[in-house]
Amino acid sequence: MALLHEGAGILLDVEGTTSSIRYVYDVLFPDARANLERFVRASWETPAMDAVREHLARDLGHDGFAAWAAGLTDPDEAAALVCRAARALMDDDVKATGLKQLQGLIWREGYQAGRLTSHVYDDVPTALRRWKEAGLDVRIYSSGSVLAQQQFFAH
C-alpha cells in the first residue's frame, strides 16, 4: 500500500457511490411524501418540529414561523401550511434545510419502525472498514441532513 499523507481522506457520495440512486428516488423520497402529513401532525408539538417549522419559514423567505403563519390560529391549518410547503419543495427538488430536516425525521421513524432498510452496495462496508483501518479520513457528502445520513448508514 502506498504511504498516506497525514490528513489523507476519501469523500464519498451516497447516491450512486455507496448506494443505488434508485433507492433514494424510489424508496426514500416516496416514503417521506407518503408519511409527511401523518408525521407532521403527530410530532407538531415536539422541539424537532419547532426547528423544522422555523427553518422552513426561513427557507421560504419569512422571518420565522410566526411571521409565515400569521393569522392561523388552528394548529391543523398551520400543519397543512407546512405540509403544502414541504410537498412543493419536494416537487421542485429544492435542497432546503427545513425540508431536509423533516425528511430525516420521517426516515428516522421509518428505520426505527422497520419500514425502511437502507440499500448499500455489497463492497461498501468492506471498503469503508479497510480505508478506516488504513488511517484514511472517510467522509460522506450529501445534500441530506446529518440525521438522515446517520440513519441511512445505521440501517
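Structure: above.
Model, not experiment: these values are computed from the prediction.

Caption draft 1: Molecular detail of the nonpolar core. Val40, Leu102 and Trp107 are the most contacted members of the largest nonpolar core, which totals 36 residues. Secondary-structure elements contributing two or more residues to this core are helix H1 (21-42), helix H2 (47-59), helix H3 (65-68), helix H4 (75-91), helix H5 (97-113) and helix H7 (146-154). It is H4 that contributes the most residues to this core, nine residues altogether. The contact partners of Trp107, leaving out residues within four places of it in the chain, are Leu28, Phe29, Asp31, Ala32, Leu116 and Ala148.

Caption draft 2: The arrangement of H1 in detail. Between the first and last C-alpha of H1 there are 30 Å, a value that for 22 residues agrees with the 32 Å anticipated at 1.5 Å per step. Most pronounced at Leu36, the bend in H1 amounts to some 55°. Looking only at H1, the buried set comprises Tyr23, Val24, Leu28, Phe29, Asp31, Ala32, Asn35, Leu36, Phe39 and Val40. At the N-terminal end of H1, a side-chain oxygen is found 3.0 Å from the backbone nitrogen of Arg22, two or three residues along, and the residue is Ser20.

Caption draft 3: Layout of the environment of Gln150. Along the chain, Gln150 falls in helix H7. Among the residues examined, Gln150 registers a relative accessible area of 49% and is labelled partly exposed. As for Gln150 and Arg108, which are separated by 42 residues in sequence, their C-alpha atoms are 9.0 Å apart.

Caption draft 4: The arrangement of the pairing of strand E1 (residues 9-13) in detail. Of the two faces of E1, the one holding Ile10 and Leu12 is buried and the one holding Gly9, Leu11 and Asp13 is not buried anywhere. As paired strands, E1 and strand E2 (residues 137-141) are joined by five bridges and run parallel to one another. By the bridge assignment, Gly9 is partnered in E2 with Asp137.

Caption draft 5: Molecular detail of the side chain of Lys100. As for its position among the elements, Lys100 is in helix H5. Here Lys100 occupies a buried position and makes no salt bridge, while the nearest side chain of opposite charge, Asp93, is found at 5.3 Å. A distance of 3.4 Å separates polar atoms of two side chains, one belonging to Lys100 and the other to Gln103. Lys100 has contacts with Phe29, Val94, Lys95, Ser143, Gly144 and Ser145, leaving out every residue within four places of it along the chain.

Caption draft 6: Here's a closer look at H2. Given a rise of 1.5 Å per residue, 13 residues ought to cover 18 Å, and the 18 Å separating the end C-alpha atoms of H2 matches this to within 8%. Within H2, burial applies to Met49, Val52, Arg53, Leu56 and Ala57. Angular distribution of buried residues about the axis of H2 spans 130°; they occupy a single face of the element. Buried residues along H2 sit in contact with H1, H3, H4 and H5. Taken from the residues just after H2, Gly61 is the one with a positive phi, measuring 95°.

Definitions and cut-offs
In every chain, residue numbers begin from 1 and rise along the written sequence. This being a predicted model, a pLDDT of at least 70 is required before a residue's local features are given, and a value of 80 or more before pairs of side-chain atoms are given or counted; all residues contribute to the totals for chains, interfaces and linings. Calculation of side-chain values draws on the structure's entire complement of heavy atoms; hydrogens and water are dropped beforehand. Within this scheme, the nonpolar core is defined by two criteria: the residues are buried Ala, Val, Leu, Ile, Met, Phe, Trp, Tyr or Cys, and they are joined through side-chain atoms within 4.5 Å. Residue burial is assigned from relative accessible area. The probe radius is 1.4 Å, only protein chains are included, and a residue is buried under 20% of its type maximum, exposed over 50%, and partly exposed in between. Only DSSP runs of H or I with at least four residues qualify as helices, and only runs of E with at least two residues qualify as strands; both kinds are numbered from the N terminus onward. By definition in these notes, contact holds between two residues if any of their heavy atoms fall within 4.5 Å. The span expected for a helix works out to 1.5 Å for each residue beyond the first. Here the bend at a residue is taken as the angle between two axes, fitted respectively to the seven residues that end there and the seven that start there. Whenever a nitrogen or oxygen atom comes within 3.5 Å of another N or O atom, the pair is scored as a polar contact, on the condition that within protein one atom can donate a hydrogen and the other can accept it, and that pairs from neighbouring residues in sequence are kept only if both atoms are in side chains. At least two DSSP bridges between two strands are needed for those strands to be called paired. In this tally Asp and Glu are treated as negative and Lys and Arg as positive; neither His nor the chain ends contributes. When a carboxyl oxygen of Asp or Glu lies within 4 Å of a side-chain nitrogen of Lys or Arg, that pair is called a salt bridge. The directions from the helix axis to the C-beta atoms form the arc being described.

All quantities given are derived from atomic positions and should not be read as evidence of function.
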